[in-house]
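# Chains, contacts and geometry: an overview
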2 protein chains.
Amino acid sequence: VWLNGELLPRDAATVSIDDFGFLYGAACFETMRAFGGVVFRLDRHLARLNAGLDALGVTPPLASELAAVIDKTLEANSLRDARVRLTVSAGRGGGRPDLSSSTAPTVLVVAEPAPPDPGPAVLAIASQRVDRSRPLPRAKTANYLASIVALAEARHAGADDALLLHPDGDIVEAATANVFLITSGRLLTPPLAAGPLPGVTREAVLECARSLGLHAEERSLTPPQLGTVEEMLLTNSVVGVRAVSSVVDRWTGTHVPGPVTARLADAYCELVRAECGPQAQPATG
Amino acid sequence: VWLNGELLPRDAATVSIDDFGFLYGAACFETMRAFGGVVFRLDRHLARLNAGLDALGVTPPLASELAAVIDKTLEANSLRDARVRLTVSAGRGGGRPDLSSSTAPTVLVVAEPAPPDPGPAVLAIASQRVDRSRPLPRAKTANYLASIVALAEARHAGADDALLLHPDGDIVEAATANVFLITSGRLLTPPLAAGPLPGVTREAVLECARSLGLHAEERSLTPPQLGTVEEMLLTNSVVGVRAVSSVVDRWTGTHVPGPVTARLADAYCELVRAECGPQAQPATG
């Protein structure tokens, strides 16, 4: 892993107990996918990271430096197809909740082999509702507790991921992915105003839908409407497009992956190959 | 500081980059005040901590062990009047957002000299609204970003702390304290259902109010109602009772500390002395 200017063995990589990331979750992170040594849409990931750091009052490292550091970390691990997590925290402070006491951000890059294709996902609806506003709107921060608690609950129920709802019942996202539904042949996903993370793959899949001539719409949906849903799919940077086979007690897909999901997954693979090179092999779970 | 079973110099104390606290803010913490070597209401702090850890699926360390570790940390620093932060994170995982991959929680105790009496506080209303629901209701977690960003903003505006409001304008709390208002001689504080942290000092001050025969009520209040407010005060474990001198552009106290605030501060000092010993000297800012 790369930590604050040096490559270290993962077990030796530590941060101060006074790191604002550890104390308050004052960090932003990106989880990305490298194909053949090329990170898909690194620029979009870094744009989201920088927007979050800006809201935290942290000067983001230069994009060119981050790109070089990611390359070095991939090389040091002899990895070309990888899951890459980039974390930038507000750095080390003086033990008080005063972000201005930090002198430099903590920068961490962890690269691991890309996980195998996980196959279709089973979702469970999270018992804890999530609010509309995030601490920092549209930033992906280490204030990520609602998602990982929901994920733990879903796994305990035998599901792969959790479906997060607003207090009024609108679907927002999954704990580790954005959600798309297909109903009457139309592709629907919750609008950013509803509070899902603005996923890089979400954006790419909306582009794919447009290029396929699919009717795609950013619209809120409630679980009672699941009865009319023909297909459901998740998107995130690591897995790409992942079909959903069922939502516990609410919905079961008839053909998984369904025809629209399969077309979107193919289009997404084409897009990745166009941008990262013809050898790229995205999973299409 | 005490970290996972040993006393270490603060600069040498680090946590793994795979600590769930650093990755996702998956930690709970308590900031407490020791008077003459005795932590005020340690049992209440540990009860809140344990409830939060339980929601995180983390087995809390034994209360007796935590009490012993806090004593050792105070002794090692030759401190009797101290600010003590106890942090328990979900521990180290395997790099995935899977809390069940942790084998043991991370336990950290930091003791520092108690800060001097800060005097009355100036508040600024935070621009970012906070939601009603927390990731874990009533837990004090390291998902603390909304508060520290609001605090940074308030300090930038020349204030000491931030006043956090709901989207509908109700006052919730300050970034680092609970809020009380006095209007027509009655003491008001937002109810726990409105989402403030269930402060240990908040609870103690409500007890003081009852013992003084004051009319105390847990009720929501909006900034437009500030016009009728006679006094305002903050409570937290480190400072105790702290008078508010003004809310930027909204309210200015006429006598600070006002008579009710002064009575509450005295009663709080008495309570601390009764529980921690007659030598205890709480600040009454």
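Quick summary incoming for the structure in this document. (Residues numbered from 1 in each chain as written. Chains lettered and ligands numbered in written order. Predicted model: local features only at pLDDT ≥ 70, side-chain atom pairs only at ≥ 80, totals over all residues. Heavy atoms only, no water.)

## A closer look at the overall build of chain A
The test is simple: Strands here are runs of E lasting at least two residues and helices are runs of H or I lasting at least four, both read from the DSSP assignment and numbered beginning at the N terminus. Taken over C-alpha atoms, the radius of gyration is set against a globule rule of 2.2 Å times the number of residues to the power 0.38. Partly exposed describes any residue whose relative accessible area lies between the buried limit of under 20% and the exposed limit of over 50%, with all areas from a 1.4 Å probe on protein chains only and scaled to the type maximum. Should any heavy atoms of two residues lie within 4.5 Å, those residues are counted as being in contact. Every accessible area reported is derived by Shrake-Rupley at a probe size of 1.4 Å, with residue values counting cover from the shown protein chains alone. In summary, the charge assignment counts Lys and Arg as positive and Asp and Glu as negative, without counting His or the chain termini. Taken as the charge centre is NZ of Lys, CZ of Arg, CG of Asp or CD of Glu, depending on the residue.
The number of helices and strands found in chain A is six helices and 16 strands. Expected size for 285 residues packed as a compact globule is a radius of gyration near 19 Å; at 19 Å, chain A falls within 12% of this value. Across its three principal directions, the C-alpha atoms of chain A cover 55 × 45 × 30 Å. Considering chain A as a whole, with its 285 residues, one finds that 59% of them fall into the buried category. Contacts in chain A between residues far apart in sequence, at least 24 positions, make up 71% of those at least 6 positions apart. Here chain A has roughly 10,800 Å² of accessible surface; of this, 51% comes from carbon and sulfur atoms. For chain A, the separation between the mean place of its 25 positive charges and that of its 31 negative charges on side chains is 2 Å.

## Side note on the sheet that holds strand E1 (residues 2-3) of chain B
All names here are of chain B. For clarity, the cut-off: Pairing between strands is defined by DSSP: at least two bridges between them are needed. All axes are obtained by fitting lines to C-alpha atoms, using only the stretch in contact for helices, and the reported angles, taken between N-to-C directions, cover 0 to 180 degrees.
Pairing is antiparallel in the open sheet, where six strands are placed in the order E2-E1-E7-E6-E4-E5. The sheet terminates laterally at strand E2 (6-7) and strand E5 (38-39), the two strands that pair on one side only. The sheet contact formed by E1 and E2 spans two bridges and is antiparallel. Along E2, the bridge assignment pairs leucine 3 with glutamate 6. Lying on the sheet, helix H3 (residues 63-76) is in contact with E1, E2, strand E4 (27-35), E5, strand E6 (82-89) and strand E7 (106-113); it crosses E7 at an angle near 40°.

## With respect to the pairing of strand E14 (residues 231-236) of chain A
Residues and elements named next belong to chain A. Taken across its six residues, E14 has six buried, putting it largely inside the fold. Residues Glu231, Leu233 and Thr235 of E14 are buried on one face, and the alternating residues Met232, Leu234 and Asn236, pointing to the opposite face, are buried as well. The pairing of strand E11 (residues 178-183) with E14 spans five bridges and is classified as antiparallel. Note on E14: the bridge partner recorded for isoleucine 182 is glutamate 231. Bridging between E14 and strand E15 (residues 240-247) involves four bridges; their strand directions are antiparallel. Note that in E15 the partner of asparagine 236 across the bridge is glycine 240.

## Considering the state of the cysteines
Residues and elements named next belong to chain B. Condition: Criterion for a disulfide: a pair of cysteine sulfur atoms within 2.5 Å.
All chains considered together, the criterion is met by zero disulfides over all chains. The cysteine cysteine 269 is free of any disulfide, with cysteine 208 supplying the nearest cysteine sulfur at 9.1 Å. Residue classification places cysteine 269 among the buried positions, given a relative accessible area of 7%.

## Some details on the side chain of A:Arg202
Along the chain, A:Arg202 falls in helix H5 (residues 200-211). When residues no more than four places from it in sequence are discounted, the contact partners of A:Arg202 are A:Asn178, A:Phe180, A:Thr189, A:Pro190, A:Pro191, A:Leu192, A:Leu197, A:Glu218 and A:Thr235.

## A closer look at the sheet that holds strand E7 (residues 106-113) of chain A
Sheet strands line up and pair through hydrogen bonds in the backbone, either parallel or antiparallel. All names here are of chain A. Within the open sheet, the six strands sit side by side as E2-E1-E7-E6-E4-E5. Their pairing is antiparallel. In this open sheet, the two edge strands, each paired with only one partner strand, are strand E2 (6-7) and strand E5 (38-39). Pairing of strand E1 (residues 2-3) with E7 involves two bridges; the strand directions are antiparallel. Along E7, the bridge assignment pairs leucine 3 with leucine 108. Where helix H3 (residues 63-76) meets the sheet, it contacts E1, E2, strand E4 (27-35), E5, strand E6 (82-89) and E7, and its direction lies at approximately 40° from that of E7.

## Some points on the packing of aromatic side chains
As a reminder of what qualifies: Here the aromatic set is Phe, Tyr and Trp, taking the six-membered ring for Trp, and pairing holds for ring centres within 6.5 Å; pairs whose planes are under 30 degrees apart are stacked, those over 60 apart are edge-to-face, and all others are tilted.
One pass over the structure, following the stated rule, counts 10 aromatic pairs over all chains. Relative to B:Tyr268, the ring of B:Phe40 has its centre 5.7 Å away and its plane inclined at 80°; by these criteria the two rings are edge-to-face. Of this pair, B:Phe40 sits in the loop between E5 and helix H2 (42-56) while B:Tyr268 is found in helix H6 (residues 259-276), placing the two residues 228 residues apart along the sequence. Through pairs of rings, three or more aromatic residues link up here, namely A:Phe20, A:Tyr24, B:Phe29 and B:Tyr144.

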